[in-house]
Amino acid sequence: MLRQPTLDLLHELRLSGMARAFEEQAGMPDIAELSFDDRLSLLLERERTERDQRRYQRLKGHARLHLDATVEDINFKAPRGLDHSLVLHLASGQWIRDGQTVLISGATGSGKSYIACALGHQACRVGISTRYYRVSRLLDELSLARGDGSYPKVIQRLARTWLLILDDWGLASLSGQGRHDLLEILDDRYARRGTLLANQVPVEHWHEVVGDPTFGDAILDRLVNNAHRIDLRGASMRRLYDSTKDNRAVPGGS
């Protein structure tokens, strides 16, 4: 059996998962009892698994999620009006492919950012490109990009990203340029890509945040229509976690 030339060819073809599995099979005393089809199936499955893992790590690194959160660790027991079935539905990622929006609202400490990052993490798991921003930092980045001439490139990158997570919406009113930039981003994404917005300002006060009625109508139209809503209420999850952290009883609530 020409084992080394086969290994060299697998590496040349960038089939590193298959190459590792092929070497491991060579050290298994009972491997000869498997049929060729079974051995080939195992090699292919290993290659697919390793490619999926590399893709996931790449997407997770690009996403720059604020919290290392997962859907599995979301606390559904705390009384904050969180719909388990809705979160599981969103975890499939289909809403992102359908170009829909998720709005997560609630007071400080209610778990908005955690749920947003958990859904972002899940999107990376299923192979969906994701990017997390605090709204203020996104607008600062766009302002710098306009100054150095990279603004069109940044806008195009945001438009290509399948899931854009915007956190801390409403902490400060938008400037004139900020309104324009945000509307351009949302217009590129409307009905084409998924957008998740985490905020602590009720929708009825968003016009005050935008600071202009015309822009306010346009931004709300692109965010609110047919959006999935998660409205969190109840006590701060941070306080609840602080009071029980010795027992590690309240995961997923930051």
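Above this text sits the structure in question.
What you see is a predicted model, and the numbers here were worked out from it, not measured in a lab. (Residues numbered from 1 in each chain as written. Predicted model: local features only at pLDDT ≥ 70, side-chain atom pairs only at ≥ 80, totals over all residues. Heavy atoms only, no water.)

### As for the packing of aromatic side chains
Line of reasoning, step 1. By the definition in use, this model includes one aromatic pair.
Line of reasoning, step 2. Look at Trp169 and Trp206: their rings are 5.5 Å apart centre to centre, the planes differ by 75°, and that puts the pair in the edge-to-face class. Separated by 37 residues along the polypeptide, Trp169 in strand E3 (residues 163-169) and Trp206 in helix H10 (residues 206-210) bring together distant segments of the chain.
Line of reasoning, step 3. Seen from the ring of Tyr133, Arg131 lies directly overhead, with NZ or CZ sitting 4.2 Å from the centre.
Line of reasoning, step 4. The positively charged end of Arg193 is found above the aromatic ring belonging to Trp162, 3.8 Å away from the centroid. (Phe/Tyr/Trp six-rings, centres within 6.5 Å; stacked < 30°, edge-to-face > 60°. Helix = DSSP H or I, 4+ residues; strand = E, 2+ residues; numbered from the N terminus. Lys NZ or Arg CZ within 6 Å of the ring centre and 35° of its normal.)

### Regarding the environment of Ala145
Line of reasoning, step 1. Along the chain, Ala145 falls in helix H7 (residues 135-148).
Line of reasoning, step 2. Discounting residues that sit within four places of it in the chain, Ala145 has contacts with Ser150, Tyr151 and Val154. (Contact = heavy atoms within 4.5 Å.)

### A few points about the nonpolar core
Nonpolar side chains in soluble globular proteins tend to be buried together.
Line of reasoning, step 1. Among the nonpolar cores identified, the biggest contains 31 residues, and Ile104, Ile115, Leu163, Leu196 and Ile230 are the most heavily contacted of them.
Line of reasoning, step 2. Contributions of two or more residues to this core are made by helix H3 (36-63), helix H4 (84-91), helix H5 (94-97), strand E1 (101-105), helix H6 (112-125) and E3.
Line of reasoning, step 3. Broken down by element, the residue count for this core peaks at eight residues, all from H6.
Line of reasoning, step 4. Discounting residues that sit within four places of it in the chain, Ile115 has contacts with Ile74, Arg80, Leu82, Ile104, Ile230 and Leu232.
Line of reasoning, step 5. Core analysis: the second largest hydrophobic core is formed by 30 residues, Trp169, Leu197, Val203 and Ala227 among them. (Core = buried A, V, L, I, M, F, W, Y, C linked by side-chain atoms within 4.5 Å. Buried < 20%, exposed > 50% of the residue type's maximum accessible area, 1.4 Å probe, protein only.)

### Some thoughts on unusual backbone geometry
Line of reasoning, step 1. Phi is positive for Arg14, which is not a glycine, with a value near 60°.
Line of reasoning, step 2. With respect to the helices and strands, Arg14 occurs in the loop between helix H1 (3-12) and helix H2 (16-26).
Line of reasoning, step 3. A relative accessible area of 69% places Arg14 in the exposed class.
Line of reasoning, step 4. A positive phi angle is found at Asp168, which is not glycine, with a value near 60°.
Line of reasoning, step 5. Using a relative accessible area of 25% as the deciding quantity, one classes Asp168 as partly exposed.

### Description of the sheet that holds strand E5 (residues 228-231)
Line of reasoning, step 1. Spatially, five strands are ordered E2-E3-E4-E1-E5 in an open sheet, and the strand pairing comes out parallel. Since the sheet does not close on itself, it has two edges, and those belong to strand E2 (130-134) and E5, each with one partner. Averaged over neighbouring strand pairs, the angle between their axes works out to 10° when direction is ignored.
Line of reasoning, step 2. Taken strand by strand, H4 contacts E1 and E5, and its axis lies near 135° from that of E5. (Pairing = 2+ DSSP bridges. Axes fitted to C-alpha atoms, helices over the stretch in contact; angles between N-to-C directions.)

### As for a nonpolar patch on the surface
Line of reasoning, step 1. Together, Phe36, Leu40 and Leu44 give the surface a local cluster of nonpolar side chains, amounting to about 310 Å² of exposed area.
Line of reasoning, step 2. Structurally, Leu40 is set in helix H3. (Patch = residues over 30% accessible without salt bridge, like charges linked within 9 Å, V, L, I, M, F, W, Y side chains within 5 Å. Areas by Shrake-Rupley, 256 points an atom, 1.4 Å probe, with all protein chains shown as cover. Salt bridge = Lys/Arg side-chain N within 4 Å of Asp/Glu carboxyl O.)

### Details of H6
Line of reasoning, step 1. The terminal C-alpha atoms of H6, which comprises 14 residues, lie 20 Å apart, in line with the 20 Å expected from a rise of 1.5 Å per residue.
Line of reasoning, step 2. Within H6, 13 of the 14 residues are buried, leaving the element largely enclosed by the surrounding structure.
Line of reasoning, step 3. Gly127, located one to two residues past H6, shows a positive phi value of around 85°. (Expected span 1.5 Å × (residues − 1).)

Note that every value here comes from positions in space, so none of it alone points to a role or purpose.
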